[in-house]
Amino acid sequence: MGKLTVGALRAVLGVALAGTVFVQASMVWALATDPEDGPLPLTPLRVITILGMVSAQVALVCVWRLVTMVRRGTVFSHAAFRYVDAVIGAIVAASLLWFAVTALNAPGQREDPGVTVIMGGVGLAILGVALIVLVLRMLLAQAVARDVEAARMQAELDEVI
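In this text, all values refer to a predicted model and were calculated from it rather than measured experimentally.

Novice: How should I be thinking about the pattern of salt bridges in this particular structure?
Specialist: When charged atoms on two side chains of opposite charge get close, those side chains can pair. One pass over the full model with this rule turns up 4 salt bridges. The residue aspartate 34 makes a salt bridge to arginine 46 at a minimum N-O spacing of 2.9 Å. Of this pair, aspartate 34 sits in the loop between helix 1 (3-33) and helix 2 (42-72) while arginine 46 sits in helix 2, and the two are 12 residues apart along the sequence. Judged by relative accessible area, which is 39%, aspartate 34 ranks as partly exposed. For arginine 46, a relative accessible area of 8% puts it in the buried group. One salt bridge connects glutamate 149 with arginine 152, and the closest N-O pair in it is separated by 2.3 Å. Remark: arginine 152 and glutamate 149 occur in helix 4 (residues 114-160); sequence separation between them is 3 residues, near one turn of the helix. According to the relative accessible area criterion, glutamate 149 is partly exposed, its value standing at 33%. Within the structure, one salt-bridge network assembled from shared partners comprises Glu149, Arg152 and Glu156.

Here's what the structure looks like:
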């Protein structure tokens, strides 16, 4: 992975992290100052938004760490699994939070239940992303196993020579 690619990805991750912090701060401010008025339950939605930003931040920090490992050439190690597992957990948490938003929004959509169905489909799509990352984790596990095996075989070959 080149320096330009790593720099660009880190810039995107940094902007995204700053954006999530801004959204969190805005939601905390709204919780403290803006009264709840209207048909939607704003307080639970604001709390869910704050928690959703936490899940996004966890994923962003873990991706940052994985990019660092790629740059150093240490991504094919057992240390990478904790970051990949954290990303999977963050995505699943985001999906569950989205289902909570869908449930909170559903009573207001009695005349048009299609919105709720679409929102449920988005939640399933988010879970699908978690499954894709799980498959990528399995590929990482195979690569780590092959790397360990190659190192063992190289050590045996070095002994013979």
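Novice: How do you make sense of the layout of surface pockets when you look at a structure like this?
Specialist: Rolled over the atoms, a probe sized like a water molecule indicates the empty space that remains. By volume, the largest pocket is sized at about 340 Å³. Along the walls of the largest pocket sit 15 residues, with Leu66, Val75, Val84, Leu136 and Leu140 positioned nearest its centre. Secondary structure elements with two or more residues in the lining of the largest pocket: helix 2, helix 3 (79-105) and helix 4. In terms of residue count, the dominant contributor to the lining of the largest pocket is helix 4 (5 residues). Among the residues forming the lining of the largest pocket, the class breakdown is 14 nonpolar, no polar and 1 charged.

Novice: Can you help me understand the nonpolar core in this one?
Specialist: The tendency in soluble globular proteins is for nonpolar side chains to be buried as a group. One finds Leu66, Met69, Ala80, Val84, Val133 and Leu140 to be the most contacted residues of the largest nonpolar core, which totals 15 residues. Going through the elements one at a time, helix 2, helix 3 and helix 4 are the ones with two or more residues in this core. Broken down by element, this core gets its largest block of residues, 7 residues, from helix 3. Non-local contacts of leucine 66, meaning those with residues more than four positions away in its chain, are made with Val75, Ala80, Tyr83 and Val84. Judged by nonpolar contacts, the second largest core, of 5 residues, contains Leu45, Ile48, Val101 and Met119.

Novice: Where do I start with the packing of helix 2 against helix 3 in this structure?
Specialist: In a pair of packed helices, the angle between the axes and the distance between the axes together describe the arrangement. As a packed pair, helix 2 and helix 3 sit with axes 9 Å apart at the nearest point and diverge in direction by 160°. Taken together, the axis directions place helix 2 and helix 3 in an arrangement best described as roughly antiparallel. The interaxial crossing formed by helix 2 with helix 3 has left-handed handedness. For the contact of helix 2 with helix 3, the class distribution of residues is 23 nonpolar, 2 polar and 1 charged.

Reading the values: rules and limits
Residues numbered from 1 in each chain as written. Predicted model: local features only at pLDDT ≥ 70, side-chain atom pairs only at ≥ 80, totals over all residues. Heavy atoms only, no water. Salt bridge = Lys/Arg side-chain N within 4 Å of Asp/Glu carboxyl O. Helix = DSSP H or I, 4+ residues; strand = E, 2+ residues; numbered from the N terminus. Buried < 20%, exposed > 50% of the residue type's maximum accessible area, 1.4 Å probe, protein only. 1 Å grid on protein atoms, 1.4 Å probe; cavity = no way out; pocket = protein on both sides within 12 Å on 5 of 7 lines; lining within 4 Å. Points joined across faces, edges and corners; volume = space filled by probe spheres on them. Nonpolar A, V, L, I, M, F, W, Y, C, P; charged D, E, K, R; others polar. Core = buried A, V, L, I, M, F, W, Y, C linked by side-chain atoms within 4.5 Å. Contact = heavy atoms within 4.5 Å. Axes fitted to C-alpha atoms, helices over the stretch in contact; angles between N-to-C directions. Parallel < 35°, antiparallel > 145°, perpendicular 65-115°, else oblique. Left-handed = near helix turned anticlockwise from the far one by under 90°.

That's the geometry; what it means functionally is another story.
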